[in-house]
Amino acid sequence: MRALLIATLMFGAAAAAVSSRPSTAQPATAAKAGAAAPSSTAAATALARALSGPPRAKAMLPLAHEARTQLNYVPMVRAGVPLDELTDAQQAQALALLRSGLSESGYASARQIIAHEDILREIEKGQGVANYMRRQPGLYYTAIFGEPSTGGWWAWRFEGHHLSVNVTHAGARGDIVAPLFFGSNPAKVLSGPSAGLRIQAAEEDEARALLGLFSAEQKTRVVIAPETTNDIVTTNKPKAEIAQFDGLPASAMTAPQKAQLRKLLEVYASRFPAAQRASQLARIEKAGVDTLHFAWAGSLDVGKKHYYRIHGPTVLIEYDNSQNDANHIHSMWRDPEFDFGGDLLRKHLQTVKH
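Just so we're clear, the structure is a prediction, and the values are computed from it rather than from any experiment. (Residues numbered from 1 in each chain as written. Predicted model: local features only at pLDDT ≥ 70, side-chain atom pairs only at ≥ 80, totals over all residues. Heavy atoms only, no water.)

S.K.: What's the story with the confidence of the model for the protein in this structure? I'm lost.
M.R.: Detailed reading of the predicted model is not advised wherever pLDDT is low. Here the protein shows a mean pLDDT of 90. Residues at 70 or above account for 87%. Segment residues 1–29 is flagged for pLDDT under 50; beyond a separation of four residues in sequence, or across chains, it makes 87 contacts in the model. (pLDDT = per-residue confidence, 0-100. Contact = heavy atoms within 4.5 Å.)

Written out as structure tokens, the structure is:
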């Protein structure tokens, strides 16, 4: 059950890492280049059929299980079965399920985040961090909540340090992908063979491009606090709630500023599969792009602690780069209406016994 790390699949992200033990999360058979991603139902069904014994007991949970809405993005033991406890073939099937919930670029980023654990482990080992061995690509967990079926109600999650992909299959409505968390530590690798690597560069660069378009007067509205809260505001709460819309509304932006806001929004929307991306953007358009608010907290200087969010009736995007001397990114797409299936799934669980 020890699959060797295939660094070429990670665009070199983990090539510099010398593992303290073999990495287990990167089987070469995870997905064939150019092959179409499977549907989440097909991928989940294939994985469920392949599992037996303790791994199956860990992975297959009731739809009403409390862990379904317990999002976490720190290294910890969580519900589900870790990649470390799967065979190479089962690992590939778990990663195929992950791939079904993301776009090709989103899946590539997720694989980079997993491989980043090898880099972080070596950094912490060199710093003398006592528990550096908790940074392992094999410690990403897959959980399936309910019985996978095309027309049924069920859910799945792939989660570990700095990655949480939550998908609810809402009957005939299909998949709802939310919340979706991507993170990176270090945000920029400062030394070694991977020096300069930034696996979430666009999230910062496009936001700074937008910030640079604002006038001094506009920035007095955009910047809502001189310091960050040292993390995204909603953290891992089951329901994303920020009471008010802070910052500058898109209605008060110029055409070039709105265009750059859309470009930043697309950085996050591009993580979704095509159907989900189209659905989310259509809902934002229907609610009105002018209702979106852009807010910034912390320093305006590169390399200093900073935070921003895009907040509207149907979307809440948060980004924070505060920890580890502003070299540690947390970013999250939340859906105020449909996170974890929202009211749709709550009503279903109240009326249908699982």
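S.K.: So what exactly am I meant to see when it comes to the packing of aromatic side chains here?
M.R.: Any aromatic ring pair is given by two values, namely how distant the centres are and how the planes are angled relative to each other. Inspection of every chain in the model, using the stated rule, returns seven aromatic pairs. Relative to W333, the ring of F272 has its centre 4.9 Å away and its plane inclined at 85 degrees; by these criteria the two rings are edge-to-face. Residue F272 is located in the loop between helix 7 (255–269) and helix 8 (274–287), and its partner W333 is located in strand 12 (residues 329–334); the two are separated by 61 residues in the primary sequence. F272 gets classed as buried once you look at its relative accessible area, which sits at 1%. Taking 4.6 Å as the distance between ring centres and 15 degrees as the angle between the ring planes, the aromatic pair formed by Y308 and Y319 counts as stacked. Pair noted here: Y308 is in strand 10 (residues 306–312) and Y319 is in strand 11 (residues 315–321), with a separation of 11 residues, a long-range link. An aromatic cluster of three or more residues is present, and its members are F214, F294, W296, Y308 and Y319. Stacked on the ring of F338, the Lys or Arg R173 has its end atom at 5.3 Å from the ring centre. (Phe/Tyr/Trp six-rings, centres within 6.5 Å; stacked < 30°, edge-to-face > 60°. Helix = DSSP H or I, 4+ residues; strand = E, 2+ residues; numbered from the N terminus. Buried < 20%, exposed > 50% of the residue type's maximum accessible area, 1.4 Å probe, protein only. Lys NZ or Arg CZ within 6 Å of the ring centre and 35° of its normal.)

S.K.: Help me understand the pairing of strand 10, please; the structure alone is not making it clear to me.
M.R.: For a regular strand, side-chain orientation follows a simple rule: the groups alternate between the two sheet faces. Judged by how many residues are buried, strand 10 sits mostly within the fold: seven of seven residues are covered. The alternating pattern of strand 10 places H306, Y308, I310 and G312 on one face and Y307, R309 and H311 on the opposite face, and all of these are buried. Pairing geometry for strand 9 (residues 293–298) and strand 10, over six bridges, is antiparallel. Each bridged residue has a counterpart across the sheet, and for A297 the counterpart in strand 10 is Y307. Note that strand 10 and strand 11 share seven bridges and pair antiparallel. Bridging from a neighbouring strand, R309 pairs with E318 of strand 11. From the end of strand 10 to the start of strand 11, which pair antiparallel, there are two residues. (Pairing = 2+ DSSP bridges.)

S.K.: Can you walk me through the pairing of strand 3 (residues 141–145) in this structure?
M.R.: With five of its five residues buried, strand 3 lies for the most part within the structure. Residues Y141, A143 and F145 line one face of strand 3 and the alternating positions T142 and I144 line the opposite face, and both faces are buried. The pairing of strand 1 (residues 60–61) with strand 3 spans two bridges and is classified as parallel. Bridge pairing in strand 3 places M60 opposite I144. Pairing of strand 2 (residues 81–82) with strand 3 involves two bridges; the strand directions are antiparallel. Bridge pairing in strand 3 places V81 opposite T142. Here strand 3 runs beside strand 4 (residues 153–160); their pairing, made up of five bridges, is antiparallel. Looking at the pairing, F145 lines up with A155 of strand 4.

S.K.: Can you help me understand helix 4 (residues 104–127) in this one?
M.R.: Every α-helix carries 3.6 residues per turn, so stepping three or four residues along brings you back to the same face. Compared with an ideal rise of 1.5 Å per residue, which puts 24 residues at 34 Å, helix 4 spans 35 Å between its outermost C-alpha atoms and is within 8% of the ideal. Residue A115 marks the point of greatest curvature in helix 4, where the axis turns by about 25 degrees. (Expected span 1.5 Å × (residues − 1). Bend = angle between axes of the 7 residues up to and from the residue.)

S.K.: Would you take a moment to explain the nonpolar core for this structure?
M.R.: Considering soluble globular proteins, one finds that nonpolar side chains tend to be buried as a cluster. The biggest cluster of nonpolar side chains holds 63 residues, and the ones touching the most others in it are L98, F158, L163, F294 and W333. Top element by residues in this core is helix 7. It accounts for six residues. Aside from chain neighbours lying at most four places away, what touches W333 is P179, L180, L265, Y268, A269, F272, Q280, I284, V315, L316 and I317. (Core = buried A, V, L, I, M, F, W, Y, C linked by side-chain atoms within 4.5 Å.)

S.K.: I would appreciate a short explanation of the packing of helix 1 (residues 40–50) against helix 3 (residues 88–100) in the present structure.
M.R.: Packed helices, taken two at a time, are described by the angle between their axes plus the distance between the axes. Contact geometry for helix 1 and helix 3: axes closest at 8 Å, N-to-C directions at 160 degrees. Relative to helix 3, the element helix 1 is oriented roughly antiparallel. The hand of the helix 1/helix 3 crossing is left-handed. Here helix 1 contributes S40, A43, A44, A46, L47 and A50 to the contact with helix 3, which in turn contributes Q90, Q93, A94, A96, L97 and S100. Grouping the constituent residues of the contact of helix 1 with helix 3 by class yields eight nonpolar, four polar and no charged. (Axes fitted to C-alpha atoms, helices over the stretch in contact; angles between N-to-C directions. Parallel < 35°, antiparallel > 145°, perpendicular 65-115°, else oblique. Left-handed = near helix turned anticlockwise from the far one by under 90°. Nonpolar A, V, L, I, M, F, W, Y, C, P; charged D, E, K, R; others polar.)

S.K.: Would you explain the packing of helix 3 against helix 4 in this entry?
M.R.: One can describe the packing of helix 3 onto helix 4 by two numbers: an axis separation of 9 Å at closest approach and a directional angle of 130 degrees. Considering their axes alone, helix 3 and helix 4 lie oblique with respect to each other. Of helix 4, the residues touching helix 3 (which contributes L95, L98 and R99) are E104, Y107, A110, R111 and I114.

S.K.: Whenever I open this one, the pattern of salt bridges confuses me. Can you help?
M.R.: Side chains carrying opposite charge are able to pair once their charged atoms draw close together. Following the criterion strictly, the structure yields 20 salt bridges and no others. Note that E337 is salt-bridged to R283, the shortest N-O span being 2.5 Å. Of this pair, E337 sits in the loop between strand 12 and helix 10 (342–351) while R283 sits in helix 8; the two residues are 54 residues apart in sequence, bridging distant segments of the chain. Since its relative accessible area comes to 16%, R283 is described here as buried. (Salt bridge = Lys/Arg side-chain N within 4 Å of Asp/Glu carboxyl O.)

S.K.: It is not clear to me how unusual backbone geometry should be interpreted in this structure. Could you clarify?
M.R.: Leaving glycine out, the prevailing phi sign among residues is negative, and the prevailing peptide bond configuration is trans. In the segment running from A178 into P179, the intervening peptide bond is cis, with an omega of 0 degrees. With respect to the helices and strands, the residue P179 is situated in strand 6 (residues 175–184). The peptide bond linking N185 to P186 adopts the cis configuration, its omega dihedral lying at 0 degrees. Among the secondary structure elements, P186 is positioned in the loop between strand 6 and helix 5 (201–211). Phi is positive for T235, close to 40 degrees, though the residue is something other than glycine. Given the relative accessible area of 24%, T235 is considered partly exposed. Its identity as a non-glycine residue notwithstanding, N324 has a phi of 50 degrees, on the positive side. Assignment of secondary structure puts N324 in helix 9 (residues 323–326).

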